[in-house]
Structure formats: C-alpha cells, structure tokens
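# A structural walkthrough
Chain by chain, the residues run as shown.
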Amino acid sequence: MRELIAGTRPILTFARLTIWEAARRRLLIALVLLTLGIVVVTSFGFSRLWTINQGGVPIGEVEVRLIASQLLVVIAFMFSFVLALSSVMVAAPSISGDIESGLVLSLLARPVRRFDIAMGKWLGLAVLVVCYAVGAGGLELLGVDLTTGYVPPHPIQLVLYVAGEGLVLLTLALLLSTRMAGMTGGIIALVVYLAAWIGGIVGGVGQALSADSLIYTGLATKLLIPTDVLWRGAVYAMEPASVAAAARAAGPAAAANPFWAADPPPIGLMAWAAFWVVGLFTLAWWSFRSREV
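Keep in mind that what you see is a predicted model, and the values were worked out from it rather than measured.

Here we take up the overall build of the chain. Tallying secondary structure elements over the chain gives twelve helices and two strands in all. If you list the helices and strands of the chain from N to C, you get α-α-β-β-α-α-α-α-α-α-α-α-α-α. In summary, the chain has a C-alpha radius of gyration of 21 Å against a globular reference of 19 Å for 293 residues, a match within 12%. By residue count, 44% of the 293 residues in the chain fall in the buried class. For the chain, restricting intrachain contacts to residue pairs at least 6 apart in sequence, the fraction spanning at least 24 positions comes to 81%. Per element, the accessible surface of the chain, about 14,700 Å² overall, is 73% carbon and sulfur.

Below, the structure written as structure tokens:
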C-alpha cells in the first residue's frame, strides 16, 4: 500500500503543478469571466420568453419550456465548443513547451518517470476540464430553471457528455504535444474536432437518404474521434420527452440534424469512446517516452 501511495505521489504533484500553472494564465481568468457573462446574458434572455405573444395572447408555460429546451441545446453547443477550444489551448503546449524550454531535462535528471509527467499533466488538465463543465453547466442550468422552470431530463448525463468531449480533445492535444509545437498541435486538434462534427452530420444525411457510403463515412469519423457521439448524447440528455418522440417519429430524417437526438448513444460507441481515451493516452506516453529531449 505504501509503495502504491509513493508511486502516485509524483503524478499528483505534477497534476497540482499543472493546475497551478493553468490558473496563472490570463486565458483561464478570461474564460471564467466570459462564462459568467454568458450565463447572465442568456438567463436574462430566457426570462424574456414569458413576454412572447401569439395574437396578443402570452404563450403558456408548456410553450415557454419547450422553447427553452431548444435554445438550451444551442447554448450547450456553444459551451461545448468553448470547452473544446480551451482543452486544446491548454493541452497542446503542455509537453512541447516544457521540451522547448528545457524544463523536461531538469525534471528527468531526478528520479521521475516520463509516465509520471504525462499522467500528471493529463490528470491536472482533466480536473480543469471537468470543473469547467460542471461549473458552467450547473450555472447555466440553474439560470434556465430559475427563469423558465425548465430542467433537462438528464442534467447529470448532460454535464458528463460535455466533459467527455473536452477529455477526448485534451487527450488528442496531449498526444500531438509530444511531437509538435503547441500552435501546430492545437490547430490540428481543432480541425479534427470540426471534421468529426461535420462527419456526424454526413452520417445523418446518409441515414436520411439511405446512402451507405455516407453512413460509413459518418461511422468512420465516430470511430476516429468520438466527440460527435458524446455531443449526440448531450443533446439527448437535454431533449424533453415530447421532442424525443417527435425525433423518433421523423425517422431517419432526424439523424441529419445535429441538434436533435431520438435515442441515447449506443453502449458500444460509448465503450469505444472510453477505450479511445485510454488508448490515445497510452500512445501519448509511448511517444513521449521514445522522444529524445
């Protein structure tokens, strides 16, 4: 037991240092302030839904909550993109920056394994990603609840899905950081993220048109990077039962809409997403271990 604790101590130390270093950056402070501003503005916007009239008659509570549910999907997409961008920005230079500055050489001169450095950085950044997803998601959901009374059917799953997107991109950016400069790796990770989202739409269009080539293209992008799988799960977690039923009634045509989800993601794809993160981190560790510094 003591050996296990002693073995994890360097990892926790690097995780703590990673969090402390990220907290010093102006990017994190700006992100927090921007998020708080967005929550305030969007909450005010939701409160104005009660002023909508149809033929001079204010809409009812059911209509307000239905509109709120669909607006929440759009806002959640914005937050997921901000989280994806932030994850890439902090992870892409995490290892490459230390290599370029020579910090890794001084660390490796001590009894520290490269696995400890890579795992510590991933763990520290993962804590930041999850904390942002929980904090931003919780505040936004609280604002929607207070102003409209709408609460998504699965709020906890919603936060977990969005956090999962950030963890996927964080792991990808960390891998690229072992071989590329921060700017290069960050751009590549963002392009891959956008390509995955577009690939999900292409696969949905393929289902609507019964086009096997498009369906297989969409499936390939889900396997290459499972961010779209997690996003569809987040959408399903936000949809009220009536909207989910309408999506099922629409049949394959609903799959082409990235803001509609008739069913939760398949268990197999969710398991693949977890395996993907573990596998890519293992690859990142191997790449860092085999690199000459």
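That was the structure; now back to the text.
For Ser210, which is not glycine, the phi dihedral falls at a positive 60°. As for its position among the elements, Ser210 is in the loop between α8 (182-209) and α9 (212-224). Given the relative accessible area of 61%, Ser210 is considered exposed.

Here we take up the layout of surface pockets. In this model, the largest pocket occupies a volume close to 530 Å³. As for the largest pocket, its lining consists of 25 residues, and the residues nearest its centre are Gln207, Lys222, Arg232, Ala255 and Asp263. Listing elements by their share of the lining of the largest pocket, those giving two or more residues are α8, α9, α10 (227-238) and α11 (241-250). Of the residues contributing to the lining of the largest pocket, the split by class is 14 nonpolar, six polar and five charged. Around the second largest pocket, the lining comprises 20 residues; the ones closest to its centre are Leu28, Leu31, Val32, Leu128 and Tyr132. Mapped onto the lining of the second largest pocket, the elements with two or more residues apiece are α2 (26-47), α3 (61-91) and α6 (114-148).

This part covers the environment of Met270. Locating Met270 in the fold gives a position in helix α12 (residues 267-290). According to the relative accessible area criterion, Met270 is partly exposed, its value standing at 24%. Between the alpha carbons of Met270 and Leu108 there is a distance of 36 Å; along the sequence they are 162 residues apart. Non-local contacts of Met270, meaning those with residues more than four positions away in its chain, are made with Tyr161, Val229, Leu230 and Pro265.

As a further point, take the packing of aromatic side chains. Scanning the entire structure with this criterion turns up ten aromatic pairs. For the pair Phe81 and Tyr193, a centre-to-centre distance of 6.2 Å together with 35° between the ring planes defines the contact as tilted. Taken together, the residues span a long stretch of sequence, with Phe81 in helix α3 and Tyr193 in helix α8 at a distance of 112 residues. Overall, Phe81 belongs to the partly exposed group, its relative accessible area being 33%. Seen in terms of ring centroids, Phe115 and Phe281 are 6.1 Å apart; in terms of plane orientation they differ by 75°. Their pairing is edge-to-face. In this pair, Phe115 sits in helix α6 while Phe281 sits in helix α12, placing the two residues 166 residues apart along the sequence. Taking the relative accessible area as the measure of exposure, Phe115 reaches 26% and is therefore partly exposed.

What counts, and at which threshold
Residues numbered from 1 in each chain as written. Predicted model: local features only at pLDDT ≥ 70, side-chain atom pairs only at ≥ 80, totals over all residues. Heavy atoms only, no water. Helix = DSSP H or I, 4+ residues; strand = E, 2+ residues; numbered from the N terminus. Rg over C-alpha atoms; globule rule 2.2 N^0.38 Å. Buried < 20%, exposed > 50% of the residue type's maximum accessible area, 1.4 Å probe, protein only. Contact = heavy atoms within 4.5 Å. Areas by Shrake-Rupley, 256 points an atom, 1.4 Å probe, with all protein chains shown as cover. 1 Å grid on protein atoms, 1.4 Å probe; cavity = no way out; pocket = protein on both sides within 12 Å on 5 of 7 lines; lining within 4 Å. Points joined across faces, edges and corners; volume = space filled by probe spheres on them. Nonpolar A, V, L, I, M, F, W, Y, C, P; charged D, E, K, R; others polar. Phe/Tyr/Trp six-rings, centres within 6.5 Å; stacked < 30°, edge-to-face > 60°.

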